[in-house]
Amino acid sequence: MPVRVTGLASVLLAPNPGPMTLDGTRSYVLAAPGAGTRVVVDPGPDDVAHLTALADGPRVEVVLITHRHADHTAGAARFAELTGAPVRAADPAHCHPARSREATPLRGGETIHAAGLRIEVLATPGHTGDSTSFHLPDDGPHGSVLTGDTVLGRGTTVIAEPDGSLRDYLTSLDALESIGAATVLPAHGPHLGDLSAVVRTYREHRAGRLAQVRTALGARAGDPVTEALVDDVTASVYGDVVPGLLSAARQSVRAQLRYLAEGA
């Protein structure tokens, strides 16, 4: 059964813990008090028990996706079949049913009215090109924001290949910071208070990592971003990373090298 975390949001944790998913993917159930329908964000992996538990309850009016990664989307098609609800994502490939007029791609800046809620759609690319956040302005005194993998409940996110972009990510952090002291409802890890403060911490972490990458580059600054260069910088900056996170570290280093190569 979903566990309530704010006035408008409850969480059902998927059984997929791991180095990249922390304690597992958090599927959110959103509804205003007394509403007869619900909104589900990120059905999660294609786990029958998880999806069945998520489907149990009042009718699901619409399903929203924060981004394309399988730990958020693999169960979406099955969940649409279980509930009859349209699935909407920024990437049309993850909208279900594919030809439904209700399952249209999400657009940054639109407002969704469902389950008695106002849900403001924020395009927040960076972790992936299609990353999207959802702002609930009426969720408590400062509102709440479902941040997907853009802001996590613990640690920091990877700039994922092939469409992640550090430049886009920093711009998305600026947009999230401007919302203010909203509650952070991440897709992995615990919910947090004061989105703007969390974002400032994220930005400081990125600035520190970029400084480390610049130092590791030394006289090689401006060299082409080759796999050998990525390996060398990763070893210098992330030398103590656990093996399960090495691929993520390499992706982040590659993204930082490209950002610097663009003249940052």
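Let us look at the structure shown here. Residue positions are given per chain, counted from 1 along the sequence in the order it is written. At least 70 in pLDDT is required for a residue's local features to be given in this predicted model, at least 80 for side-chain atom pairs to be given and counted, and no such filter applies to totals for whole chains, interfaces and linings, which use all residues. Side-chain numbers come from the whole structure's heavy atoms, not from hydrogens or water.

1. Topic: helix 6 (residues 227–237)
To keep things clear, this is the line we draw: We call a residue buried when its accessible area falls under 20% of the maximum for its residue type, exposed when it is over 50%, and partly exposed in between, using a 1.4 Å probe and counting protein chains only. Only DSSP runs of H or I covering at least 4 residues are called helices, and only runs of E covering at least 2 are called strands; the numbering of each starts at the N terminus. The arc in question is traced by the directions running from the helix axis to the C-beta atoms. Only heavy atoms enter the contact rule, under which two residues are in contact if any of them lie within 4.5 Å.
By the burial criterion, the buried members of helix 6 are Leu 229, Val 230, Val 233, Thr 234 and Val 237. One side of helix 6 carries all its buried residues, which in axial view fall inside an arc of 130°. Counted as exposed and oriented over 90 degrees from the buried face of helix 6: Ala 235 and Ser 236. Those residues of helix 6 that are buried are in contact with helix 5 (195–217) and helix 7 (246–261).

2. Digging into the pairing of strand 4 (residues 37–41)
Heads up, the condition is: When DSSP finds two or more bridges between two strands, those strands count as paired. Whether a crossover is right-handed comes down to one check: with the strands pointing away from the viewer, does the path from the first strand over the helix to the second run clockwise; if it does, it is right-handed.
Buried residues dominate strand 4, accounting for 5 of its 5 residues. Of the two faces of strand 4, both are covered, the one formed by Thr 37, Val 39 and Val 41 as well as the one formed by Arg 38 and Val 40. With 3 bridges joining them, strand 3 (residues 26–30) and strand 4 adopt antiparallel strand pairing. Pairing of Leu 30 across the sheet is with Val 39, part of strand 4. Hairpin remark: strand 3 followed by strand 4, antiparallel, with 6 residues in the connecting loop; positive phi at Gly 34, about 85°. Handedness of the crossover joining strand 4 and strand 5 (residues 59–64) through helix 1 (residues 48–55) is recorded here as right-handed.

3. Looking at the sheet that holds strand 7 (residues 111–114)
Defined as follows: Throughout, an axis means a line fitted to C-alpha atoms (over the contacting stretch in the case of helices), and angles, computed between N-to-C directions, take values from 0 to 180 degrees.
Read from one edge to the other, the open sheet built from 5 strands follows the order 7-8-9-10-11, with strand pairing classed as mixed. Both outer strands of the open sheet, strand 7 and strand 11 (183–186), are each paired with one neighbouring strand and no more. Sheet twist, expressed as the mean angle between neighbouring strand axes with direction ignored, is 25°. When strand 10 (residues 144–148) meets strand 11, the two strands line up parallel, connected through 4 bridges.

4. With respect to the pattern of salt bridges
What counts here: Salt bridges are defined by distance alone: a side-chain nitrogen of Lys or Arg within 4 Å of a carboxyl oxygen of Asp or Glu.
Across all of its chains, the model carries 14 salt bridges by this definition. Close ionic contact of Glu 177 with Arg 203 constitutes a salt bridge, the shortest N to O distance being 2.9 Å. Here the residue Glu 177 occupies a position in helix 4 (residues 166–177), and Arg 203 occupies one in helix 5, the gap between them amounting to 26 residues. Residue classification places Glu 177 among the partly exposed residues on the basis of a relative accessible area of 23%. Among the charged side chains, a salt-bridge network with shared partners connects Glu 161, Glu 227, Asp 231, Arg 250 and Arg 254.

5. Considering the layout of surface pockets
Picture a little ball the size of a water molecule; that probe, rolled over the atoms, points out where space is still empty. For clarity, the cut-off: Definitions used for this entry: grid spacing 1 Å over protein atoms alone; cavity, a set of points where a 1.4 Å probe fits but cannot get out; pocket, an open set with protein on both sides within 12 Å along at least 5 of 7 lines; lining residue, one with an atom within 4 Å of a point. Grid points are joined across faces, edges and corners, and a volume is the space filled by probe spheres set on the points. When residue character is reported, Ala, Val, Leu, Ile, Met, Phe, Trp, Tyr, Cys and Pro are called nonpolar, Asp, Glu, Lys and Arg charged, and the others, Gly included, polar.
Size it by volume and the largest pocket reaches roughly 610 Å³. The wall of the largest pocket is formed by 28 residues, among which Met 20, Thr 156, Thr 157, Val 158 and Ala 248 lie closest to the centre. Elements represented by at least two residues in the lining of the largest pocket include exactly helix 5 and helix 7. Among the residues forming the lining of the largest pocket, the class breakdown is 11 nonpolar, 12 polar and 5 charged.

6. A look at unusual backbone geometry
What you tend to see is this: most non-glycine residues have negative phi, and most peptide bonds are trans. The omega torsion of the bond from His 96 to Pro 97 falls at -15°, within 30 degrees of zero and hence cis. One can find Pro 97 in the loop between strand 6 (87–88) and strand 7. Note that the residue after Glu 161, namely Pro 162, is joined by a cis bond; omega there is 0°. Residue placement: Pro 162 occurs in the loop between strand 10 and helix 4. At Leu 22, a residue that is not glycine, the phi angle is positive and equals roughly 55°. Within the secondary structure layout, Leu 22 lies in the loop between strand 2 (9–13) and strand 3. Of note in the backbone geometry, Asp 194 takes a positive phi value of approximately 60° without being a glycine. Secondary-structure assignment places Asp 194 in the loop between strand 11 and helix 5. Residue classification places Asp 194 among the partly exposed positions, given a relative accessible area of 29%.

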